[in-house]
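Chain and residue survey
Okay, here's what each chain looks like letter by letter:
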Amino acid sequence: MTPALSPSRASDFMQCPLLYRFRVVDRLPEPPSAAAARGTLVHAALERVFDLPAAERTPEATIALLPEQWARLVEEEPELASLVAAGVPVPDVAAGVPVPDVAEGVPVSDVAAGVPVPDPTAPAQGADAEPPLPDEAAWFAEAAGFVRTWFTLEDPTRLEPAERELYVEAEVDGLTMRGYVDRLDVAPDGRLRVVDYKTGRSPSELWEGKALFQMKFYALVLWRTRGVIPTLLQLVYLRDGQILRYSPDEQELLATERKIRALWTAIERAADTGDWRPRRNRLCDWCHHKPICPAWGGTPPPLPADAEQRAVDPRATGQADPADDAAE
């Protein structure tokens, strides 16, 4: 089978080779993430709003999509229901009942103003207790806050995306690169704008490179498949209402291609040697596998007998999902 790599698996290896091993080789289960699920929910609403006529693309109409999209997500993945405390009715926004103007204790209007909203899914610092589950009203209120923030950044009544949740794939020198683009805008003169929504906070300059790597990955695949270098890469951060824009050039995309090839070579080397070293970083506190990580005094499980084959299996290494990185 042709080797394959998605931006998510590439990012896993760059972040920590042992994390890549836990996900691709050991295939250790991870509990559903409330932040990721909320990101997927908001993504779904922002995708479906473009099904409406331009004049009807309002914040209220987009928020009205949230309950039905959440019901669809839970039907597809029933374990997501465990992320929200039951017993509080879901706001009937479609019927005109307003969503509570509160998101985990912070007014939604403050979200649009850039005031950070506490994330109930973030690990407790210095405590073993699990954070309480948000009730359904708070869950939808925060999602509604992200929607309102988006309307302060972009005007969907003036946008007609060429593609939404676009699957992209290209083979370069025997390696298939694949992923999903949230939105692709095409200008009348053929210029491309690649747009990605994030329900996380915009990164500092130190972490911008990780976010831009994903976008350059998409730009490279689009260039190789369409023969056009995207004019603009646009990351829309909905937690603090920021937009990160970047214009790539041919030399940068060629450098990205070399980097992806080098990453794959490093993955093959780790698969051959069985050397999956942990890399401590700021994201360790959010890693579900920290208790078994040797960098934190843990012991990983023994490598499976077919570990070398698993490590480069394109069904895992090239796994791409529209929800990947939604909450980052």
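Residues numbered from 1 in each chain as written. Predicted model: local features only at pLDDT ≥ 70, side-chain atom pairs only at ≥ 80, totals over all residues. Heavy atoms only, no water.

Details of the pattern of salt bridges
- According to the stated counting rule, one finds 21 salt bridges in the structure shown.
- One salt bridge connects Glu 160 with Arg 57, and the closest N-O pair in it is separated by 3.1 Å. Of this pair, Glu 160 sits in the loop between helix 7 (136-153) and strand 2 (163-172) while Arg 57 sits in the loop between helix 3 (34-48) and helix 4 (59-63), and the two are 103 residues apart along the sequence.
- Residue Glu 160 is classed as exposed on the basis of its relative accessible area of 55%.
- Assessed through its relative accessible area of 4%, Arg 57 is described here as buried.
- Linked through salt bridges whose partners overlap, the residues forming this network are Arg 9, Asp 12, Arg 23 and Glu 30. (Salt bridge = Lys/Arg side-chain N within 4 Å of Asp/Glu carboxyl O. Helix = DSSP H or I, 4+ residues; strand = E, 2+ residues; numbered from the N terminus. Buried < 20%, exposed > 50% of the residue type's maximum accessible area, 1.4 Å probe, protein only.)

Here's the deal with the packing of helix 3 against helix 5 (residues 66-76)
- It is at 9 Å that the axes of helix 3 and helix 5 come closest, and there the two elements cross at 125 degrees. Classed by the angle they form, the pair helix 3 and helix 5 counts as oblique. Handedness of the helix 3/helix 5 crossing: right-handed. Here Ala 37, Thr 40, Leu 41, Ala 44, Ala 45 and Arg 48 of helix 3 come into contact with helix 5, specifically with Leu 66, Gln 69, Trp 70, Arg 72 and Leu 73.
- Here the residues of the contact of helix 3 with helix 5 sort into 7 nonpolar, 2 polar and 2 charged. (Axes fitted to C-alpha atoms, helices over the stretch in contact; angles between N-to-C directions. Parallel < 35°, antiparallel > 145°, perpendicular 65-115°, else oblique. Left-handed = near helix turned anticlockwise from the far one by under 90°. Contact = heavy atoms within 4.5 Å. Nonpolar A, V, L, I, M, F, W, Y, C, P; charged D, E, K, R; others polar.)

Side note on the packing of aromatic side chains
- Tallying each qualifying case throughout the model produces 10 aromatic pairs.
- For the ring pair Phe 50 and Trp 150, a centre distance of 6.1 Å and an interplane angle of 80 degrees mean the geometry is edge-to-face. Within this pair, whereas Phe 50 is found in the loop between helix 3 and helix 4, its partner Trp 150 is found in helix 7, the two being separated by 100 residues in sequence.
- Looking at Phe 50, the relative accessible area reads 6%, which means it is buried.
- Geometrically, the ring pair formed by Phe 213 and Phe 217 is edge-to-face, given 6.2 Å between the ring centres and 70 degrees between the ring planes. Of this pair, Phe 213 and Phe 217 both sit in helix 8 (residues 205-226), 4 residues apart, roughly one helical turn. The same class applies to Phe 213 and to Phe 217, which are both buried. (Phe/Tyr/Trp six-rings, centres within 6.5 Å; stacked < 30°, edge-to-face > 60°.)

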